Amino acid sequence: MSSENLDIAYVAKLARIALTDDEVERFGAQLGDLLGHVATLADLDLDSIPATAQVVESRNVVREDCERPSLDRETVLNGAPQRQGAFVRVPRIIGQA
Amino acid sequence: MKYEAVIGIECHVELKTASKMFCGCANRFGAEPNTLICPVCMGMPGSLPVPNAAAIEYMIRAGLAFKAAIPAYSKFDRKNYFYPDMPKNYQISQYDMPLTQGGVVRYWLEDGTIRECRLTRIHLEEDTGKSTHAGSGDGRIAGSSYSLVDFNRAGVPLMECVSEPDLRSAEEAVAFLEMLRRTLMAIGVSDVKMEEGSLRCDANVSIRPIGSETYGTKTEIKNMNSFRSVRRAIESEIARQSAMLDAGERIVQETLGWDEANGTTISMRSKELAHDYRYFPDPDLVPMEISEERVAAVRAKMSPLPIDRFERYAKEYGFNIKQTTQLIDAPEIADFFDRTVEVSKHPQQTQNFVLGDLSRLANESGIAIHQSPVSPEHLGELVTLVEAKTINSKIAKELLARMWAGEGSPKAIVEREGLAQTSDPAALARFVDEVLAANAASVEEYRAGKSNVFGFLVGAVMKNSRGKADPAAVNALLRERLGG
């Protein structure tokens, strides 16, 4: 993938990050370099190597279905930007999603 | 024009585990808001998710119940989007390698017809928190100025079940959902309660002229809170789309909300950004490898499936659809019934007892049949005694009441108290003749044409035999003696 395929403004919008024009330019170039680096893989002969999404070899790491104590509610709610009673209060949702 | 509906269903089902999907917080409905949360389900930096082994086993059970493929390799992915009830800003879900693929739901309609609806996949993910929209006065999203979030539900294991567009009517869609619900309940993976949100479903609906092979433009209906509203919403949407096509209008692909109070679907979002969730494999979670041995071990412990019971009860035993459904939808009673039939070998007579006298005793006492002192073995004995005509139905009724009271084996009671039906013709003749001699007046009345005296005489003979006479034989002999 080359940097021409990278729509930095679109990616920033999806990630809810506001970028200035300068930043679009700068980060676009940096991300393009990263993709270019990964693209060197295309020069290698990888036919015999199966695709993977994980670099560690472990499999099936699970835990037993046991209940453990949760956090104290006050501790949690005091960490929220806004609260109302026992709830976290957030801006209206309509128009998003 | 005549149209045919094409319907697909998407269901979310919360799994009935003790703890959440990736952390040890309790998975419990109805707790005080925001008391079941921890750094993992709140997505705090540095916390690491670890999958719940029970949830994975439940997925295998569901896959087996619907004859889906259980791939040897599966993984979790991140689905990235922003919503205030999702604390991590991504949902751990499964994208291209779900735990189950394909499968089919075989369900029955009210008349007993069996239909099939293919499944695309069932995958495992985590639920989001629950928002209450406030500031509008009526709790609805439109007009609300802010929302209140309870994160107790965030991270609860959630199974997403996607069907192929194989359903052709609201009736089929509801029957499919009922089948999904009773199956997931029977295999013990979920409470599947729509009223508590452990079963939530959306419907994709389109219509096309009958005979057409191509699909029309579909709409997605959300916010259906009961099977009744699913039926009404789909029917209303089919009518709306038909009227639009008849008027030469075009259907717009959109998301609709079902408005239960007004009985209509309403547009939820008109200007919708094409979703781009930027799925990628979750680097915090290692892949799952499900061996054939593991699948076989889960299969070996599976409870009987409702569809298999249906085929046996309705097709093999010949029960009507109402009785069949009644038994299947009470799995403990169906288990009790099955174990009794193993002993009695007489399904119909067993069913008569279970759904008849035994259910009545259960209702009167408030004790469930499977928790009563009547064991399947003893009920099986009782059915055998009736079928062999060792006892008549009146004695059987009395015995059942005594078994319910804890007296144990009916066979033992019959032997101990000599309750076996009298088939000896000489003894029967004696019982009849004694009654006729003692009731000369009644005999006269009968001969004079007062036919209802006959029942009294039969009763008297039965009483004289202490209930042991075969009523049919008593009838025949009395008629003979009285001259027809």
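How each quantity is defined
- Residues numbered from 1 in each chain as written.
- Chains lettered and ligands numbered in written order.
- Predicted model: local features only at pLDDT ≥ 70, side-chain atom pairs only at ≥ 80, totals over all residues.
- Heavy atoms only, no water.
- Helix = DSSP H or I, 4+ residues; strand = E, 2+ residues; numbered from the N terminus.
- Buried < 20%, exposed > 50% of the residue type's maximum accessible area, 1.4 Å probe, protein only.
- Areas by Shrake-Rupley, 256 points an atom, 1.4 Å probe, with all protein chains shown as cover.
- Expected span 1.5 Å × (residues − 1).
- Domains from an automatic or database assignment.
- 1 Å grid on protein atoms, 1.4 Å probe; cavity = no way out; pocket = protein on both sides within 12 Å on 5 of 7 lines; lining within 4 Å.
- Points joined across faces, edges and corners; volume = space filled by probe spheres on them.
- Pairing = 2+ DSSP bridges.
- Disulfide = S-S within 2.5 Å.
- Core = buried A, V, L, I, M, F, W, Y, C linked by side-chain atoms within 4.5 Å.
- Contact = heavy atoms within 4.5 Å.
- Salt bridge = Lys/Arg side-chain N within 4 Å of Asp/Glu carboxyl O.
- Patch = residues over 30% accessible without salt bridge, like charges linked within 9 Å, V, L, I, M, F, W, Y side chains within 5 Å.
- Lys, Arg positive; Asp, Glu negative; His and termini not counted.
- Charge placed at Lys NZ, Arg CZ, Asp CG, Glu CD.
- Axes fitted to C-alpha atoms, helices over the stretch in contact; angles between N-to-C directions.
- Parallel < 35°, antiparallel > 145°, perpendicular 65-115°, else oblique.
- Left-handed = near helix turned anticlockwise from the far one by under 90°.

Enquirer: Kindly report on the overall build of chain A, identifying the contributing residues and their values.
Expert: Scanning chain A from terminus to terminus reveals three helices and two strands. Secondary structure elements in chain A, listed N-terminal to C-terminal, are α-α-α-β-β. Counting every position in chain A, which comprises 97 residues, the buried fraction comes to 14%. Total accessible area on chain A stands at roughly 7,600 Å², and carbon and sulfur atoms take up 56% of it.

Enquirer: If you had to explain helix α14 (residues 453-464) of chain B to someone new, which residues and values would you point to?
Expert: Between its terminal C-alpha atoms α14(B) stretches 17 Å, which fits the 16 Å expected from 12 residues at 1.5 Å a residue. In the stretch just after α14(B), B:Arg466 is the one whose phi turns positive, near 55 degrees.

Enquirer: Got a sec to walk through the domain arrangement of chain B? Specific residues and values, please.
Expert: When the domains of chain B are assigned, the result is domain 1 (3-293), domain 2 (330-417) and domain 3 (425-482). Each of domain 2 of chain B and domain 3 of chain B has a C-alpha centre, and these two points are 30 Å apart.

Enquirer: Can you tell me about the layout of surface pockets, naming the residues and giving the values?
Expert: Size it by volume and the second largest pocket reaches roughly 510 Å³. Along its surface, the second largest pocket is lined by 21 residues, and A:Pro81, A:Val88, B:Pro84, B:Pro87 and B:Phe151 are the ones closest to its centre. Looking at the lining of the second largest pocket, the elements that each hand over two or more residues are α3 (73-78) and β2 (87-91) of chain A. At four residues, β2(A) tops the list of elements feeding residues into the lining of the second largest pocket.

Enquirer: Can you break down the pairing of strand β11 (residues 199-209) of chain B residue by residue, with the values?
Expert: Residue and element names in this part refer to chain B. Where burial is concerned, most of β11 is hidden: nine out of the 11 residues are buried. Where strand β1 (residues 3-14) and β11 come together, 11 bridges link them in antiparallel fashion. If you follow Ala5 over to β11, its bridge partner there is Ile207.

Enquirer: Tell me about the state of the cysteines, residues and numbers included.
Expert: Residue and element names in this part refer to chain B. Applying the stated criterion to the full structure yields zero disulfides over all chains. Cys25 supplies the cysteine sulfur nearest to Cys38, a cysteine that is in no disulfide, at a spacing of 3.7 Å. On the basis of relative accessible area, Cys38 is assigned to the buried category, the value being 11%. Looking at the unpaired Cys201, the closest cysteine sulfur is the one in Cys11, lying at 5.0 Å. With a relative accessible area of 2%, Cys201 lands in the buried category.

Enquirer: Can you explain the sheet that holds strand β4 (residues 90-93) of chain B? Please cite residues and give values.
Expert: All names here are of chain B. Taken together, the three strands give an open sheet; going across it, the order is β4-β3-β15, and neighbouring strands pair in antiparallel fashion. In this open sheet, the two edge strands, each paired with only one partner strand, are β4 and β15 (280-281). Note: strand β3 (residues 77-80) against β15, two bridges, orientation antiparallel. Bridged to Arg78 within β15 is Phe280.

Enquirer: Before we move on, could you go through the nonpolar core and cite the residues and values that matter?
Expert: Residue and element names in this part refer to chain B. Membership of the largest hydrophobic core comes to 119 residues, with the highest contact counts inside it found for Ile9, Leu184 and Leu358. Here this core spans two domains, since at least three of its residues come from each of domain 1 (3-293) and domain 2 (330-417). Counting residues in hydrophobic clusters, the runner-up holds 19 residues, among them Val432, Val443, Tyr446 and Phe454.

Enquirer: If you had to explain the side chain of B:Asn204 to someone new, which residues and values would you point to?
Expert: All names here are of chain B. You can see Asn204 is positioned in strand β11. We classify Asn204 as buried; its relative accessible area is 18%. In this structure Asn204 touches Val6, Ile7, Gly8, Glu10, Lys218, Thr219 and Glu220, once residues within four positions along its chain are discounted.

Enquirer: Got a sec to walk through the pattern of salt bridges? Specific residues and values, please.
Expert: Residue and element names in this part refer to chain B. Per the stated rule, a full pass over the model turns up 39 salt bridges over all chains. Arg208 is the salt-bridge partner of Glu4, the closest N and O atoms lying 2.9 Å from each other. Here Arg208 lies in strand β11 and Glu4 lies in strand β1, a separation of 204 residues in the sequence. Given a relative accessible area of 23%, Glu4 falls into the partly exposed group.

Enquirer: Which residues make up a negative patch on the surface, and what values go with them?
Expert: Taken together, the side chains of B:Glu110, B:Asp111, B:Glu171 and B:Glu178 present a region of like negative charge at the surface. As for its placement among the helices and strands, B:Glu110 is situated in the loop between β6 (104-108) and β7 (114-126).

Enquirer: Describe in detail empty space enclosed by the protein, supporting the description with residues and values.
Expert: Enumeration over the complete set of coordinates arrives at four cavities of 30 Å³ or more. Along the walls of the largest cavity sit B:Cys41, B:Asp85, B:Met86, B:Pro87, B:Lys88, B:Tyr90, B:Gln91, B:Glu126, B:Asp127, B:Thr128, B:Ala154 and B:Gly155, which together make up its complete lining.

Enquirer: Now, about the packing of helix α8 (residues 347-365) of chain B against helix α10 (residues 393-404) of chain B: what can you tell me, with residues and values included?
Expert: Any two packed helices are characterised by how steeply their axes cross, that is the angle between the axes, and by the distance between the axes. All names here are of chain B. Between α8 and α10, the shortest axis-to-axis distance is 11 Å and the interhelical angle comes to 45 degrees. Overall, the two elements α8 and α10 adopt an arrangement that is oblique. Relative to α10, α8 is oriented so that their crossing is right-handed. Taking contact as the criterion, the partners of Phe353, Asp357, Leu358, Leu361, Ala362 and Ser365 in α8 are, on α10, Ala396, Lys397, Leu400 and Trp404.

Enquirer: Explain unusual backbone geometry residue by residue, including any values.
Expert: Although it is not a glycine, A:Arg16 adopts a positive phi angle of roughly 55 degrees. With respect to the secondary-structure elements, A:Arg16 resides in the loop between α1 (8-14) and α2 (21-38). Backbone geometry at B:Lys345 places phi at a positive 65 degrees, although glycine is not the residue there. Tracing the chain through its elements places B:Lys345 in the loop between α7 (331-344) and α8. Taking the relative accessible area as the measure of exposure, B:Lys345 reaches 61% and is therefore exposed.

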